[in-house]
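# Report on the structure
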Amino acid sequence: MRDLWLGLPVMAQDSMILTALLVPVAVIAVVLLRRFAPYVMVRALLRRHLAINAVFVGLIAMSVAIGCGLIAQERGLRRASAQATDKFDLIVGAPGSEVTLLFSAVYLQPADIGLVDGEAFAEIAANPRVALAAPIAFGDSWPGHPAVGTVPELIAHLSPQLAQGHGFATYQQAVIGASVTLSLGDYIAPAHGVGQLAEQGAHGGHEIAIIGQMAPTGTPWDNAILMPIEGLWQVDGLGDGAGGVAAPLMGGPFDAAHFLGATAVLVIPTEPDATDSLRQQFTRDDMMAILPGAVSSQLHGLMGDIRGAVSLLTVVSQGLVAIAVLAGLTLLIRLFARQLALLHALGAPLRFVSAVIWSYAMGLVLLGSVIGLILSLGVTSALSSMIEIRTGLSMTADIGWAEIRLTAAFILAAAIAAVLPALFGLRGDIARRVRG
Amino acid sequence: MMGLSLALRDVSVTADNGRVLLQTGDVDIPAGQTVAVRGPSGAGKSTFLNVIAGLTMPRGGAIHWGDTAFHALSGAARTAFRGQYLSMVFQDHLLFEELGAEQNAAIAAGFSPRDQRATIRAAAKQALMTFGVHRDDLPPVARMSGGERQRVAVARALARTPDVLLADEPTANLDRQTADRLIEDLLVHTKRHNMTLIVVSHDANLIMAVDRVLGVDSGVLRDA
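Below, the structure is looked at part by part. Given the structure is predicted, the values throughout are model-derived calculations rather than measurements.

## Some points on the overall build of chain B
The number of helices and strands found in chain B is seven helices and 11 strands. In terms of overall dimensions, chain B is globule-like: its C-alpha atoms have a radius of gyration of 17 Å, near the 17 Å expected for 224 residues. Taken along the three principal axes of its C-alpha coordinates, chain B extends 50 × 40 × 35 Å. Taken over 224 residues, chain B has a buried fraction of 56%. For chain B, long-range pairs separated by at least 24 residues make up 69% of all intrachain contacts whose partners lie at least 6 apart in sequence. Taking the average location of the 23 positive side-chain charges in chain B and that of its 24 negative ones, the two points are 3 Å from each other.

## Quick notes on the interface of chain A and chain B
In this complex, chain A contributes 26 residues to the contact, which on the side of chain B involves 24 residues. Of the roughly 2,200 Å² buried between chain A and chain B, counting both surfaces, carbon and sulfur atoms make up 61%. Contact with chain B buries area across many residues of chain A, yet Leu342(A), Ala345(A) and Leu346(A) alone supply 24% of it, more than any other trio. Our count for the contact surface shared by chain A and chain B stands at two salt bridges. As a salt-bridge pair, Arg338(A) and Asp92(B) come within 3.4 Å of each other at their nearest N and O atoms. Joining chain A to chain B, the criterion identifies nine residue pairs in polar contact (both at pLDDT 80 or more). Those elements that provide at least two residues to the side of chain A that touches chain B are α3 (39-48), α11 (337-345) and α15 (430-435) of chain A. Considered class by class, the residues forming the side of chain A that touches chain B number 15 nonpolar, three polar and eight charged.

## Describing helix α5 (residues 146-158) of chain B
For α5(B), which comprises 13 residues, the first-to-last C-alpha distance of 19 Å matches the rise-based estimate of 18 Å (1.5 Å per residue) to within 8%. Taking burial as the measure, the 13 residues of α5(B) include 12 buried ones, the bulk of the element. For α5(B), the set of buried residues is Gly147(B), Glu148(B), Arg149(B), Gln150(B), Arg151(B), Val152(B), Ala153(B), Val154(B), Ala155(B), Arg156(B), Ala157(B) and Leu158(B). The inward-facing, buried residues of α5(B) contact α11 of chain A together with β7 (86-89), α3 (101-105), α4 (114-130), β8 (164-168) and α6 (176-192) of chain B.

Thresholds applied
Residues numbered from 1 in each chain as written. Chains lettered and ligands numbered in written order. Predicted model: local features only at pLDDT ≥ 70, side-chain atom pairs only at ≥ 80, totals over all residues. Heavy atoms only, no water. Helix = DSSP H or I, 4+ residues; strand = E, 2+ residues; numbered from the N terminus. Rg over C-alpha atoms; globule rule 2.2 N^0.38 Å. Buried < 20%, exposed > 50% of the residue type's maximum accessible area, 1.4 Å probe, protein only. Contact = heavy atoms within 4.5 Å. Lys, Arg positive; Asp, Glu negative; His and termini not counted. Charge placed at Lys NZ, Arg CZ, Asp CG, Glu CD. Buried area = accessible area lost by both parts, 1.4 Å probe. Salt bridge = Lys/Arg side-chain N within 4 Å of Asp/Glu carboxyl O. Polar contact = N/O pair within 3.5 Å; in protein donor to acceptor, adjacent residues only side chain to side chain. Nonpolar A, V, L, I, M, F, W, Y, C, P; charged D, E, K, R; others polar. Expected span 1.5 Å × (residues − 1).

So, in structure tokens, the structure goes:
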């Protein structure tokens, strides 16, 4: 049975779960509403306390929006970070923290880490199973954007087609990421350091021309300014990596003795199968190799517990809201007690009175849920753009099956619970209840 | 439709504190008879109406509507019986304020079988026309005058052409002319359909117009 279920396409599983959640709602509806037409009464109840009803719909909508928004956001974040590591098969850096290297090389977060020296780089580049070894050097910035020194091959790897302009041909040129708001032909003077520690003017005299822009990659690199690593060394007063020999070639090959160090080296193997053996090969005393995708999923795994706690909190708070809504509904039904007793006095069966209450409650719940789902799109896109601004990760906001399932489960719980007030609210002497 | 007879055998109703609210003794009302119940305020007239409608449970005694032992029915069966045979007009109208006159009068259509709904709506409309409260320019019942509201309430009771009509002070709040017209319409209607009419009233004109008058004093019911 379990195998049969697991063998089904995901789409079929999702639709079956959704059906299983909504069928009981339909069954309750049919049992209560069969052969009745309670809609005139339901409209009357909805109109009677319009403001209170609106507050209820708002409350339900907010609870659904926050619950669904959190789930969608978490998924979006996982997807975006997977996308961010996608192009980085293998990263080699100085020995230290794997996470710091990941944050630094993939997420371009400033970190104080050691450098890969010329000999190590030459060895990596010479390995026959390495198709591309691209050095990456950090440390400089232009307000809000990290300036990254690298080689033209890395740009070709990240953005096979440039969105505009062309690659750098001299050390004083740079290519910008898709989100950098500079224009071709602009000149910038990068500062040493990043963020508040950046020393403006420390590189006085070195102006860099923007001559190209990458297509969007959906990674923090969209936010970067890429310049020749030799140019970065020059800006930092370290030389050009060619040992002063005239007119060095752009992007190497580098003379090991004059290679001035890289924060990390992106390695693309000749074939995918080679990745892991390269990682083992490059993990030793003087360097460390990481698979960004694996470190990233390890991190997500570590955070899985926190995620579990957050999900539990989401469900608990959703449950609390549901209880609050139902308690409120019971109070609302008290407000309608006289009308409901009157229906009873006029000969309406208990099932009809229950159908009126249930339809009324479900009207509020369904309206609130739909508004909540729409709002959750707004919540996620707002959170997404906040995260995007802070990390450069490209987040897409959408509503997935998990959110629809959560909403359907909420509707089911409400549909079951909305039968209860009908049972408890309609007891006692009718004449007394009619008098109110 | 034949109307229903009512037989009361020593029905008693007491308050929570044990005070006797109503003591009927033995009373028989034949099917199709029109009966007025009169008595001072608080004497137990409304309690009488509520107990024969099944809205208040008696402490003891037997209530028979036709062949049905009404006092012995379960709550749901009592409600079903009320829905099928009895109609009520309440003292303070008790309308659904958000609805229009026609929706109020045809409220029973919502819980009646589909094939009866059109008939109920047509009868409601007809009754509203008879009582002069069927016009396009009428406001929702919440903004109608007391007289108009009372007539909507009566139209609601008649829309299902019940076998028995129970009415609590139907002419209170009406001016003399409207009250007299309502009395006439009510009696013509009940006689034409052979309904049993039991009406609680202080209105001398109404009391004069019915077949029989019962009196309630300090909870004790007897022929007046």
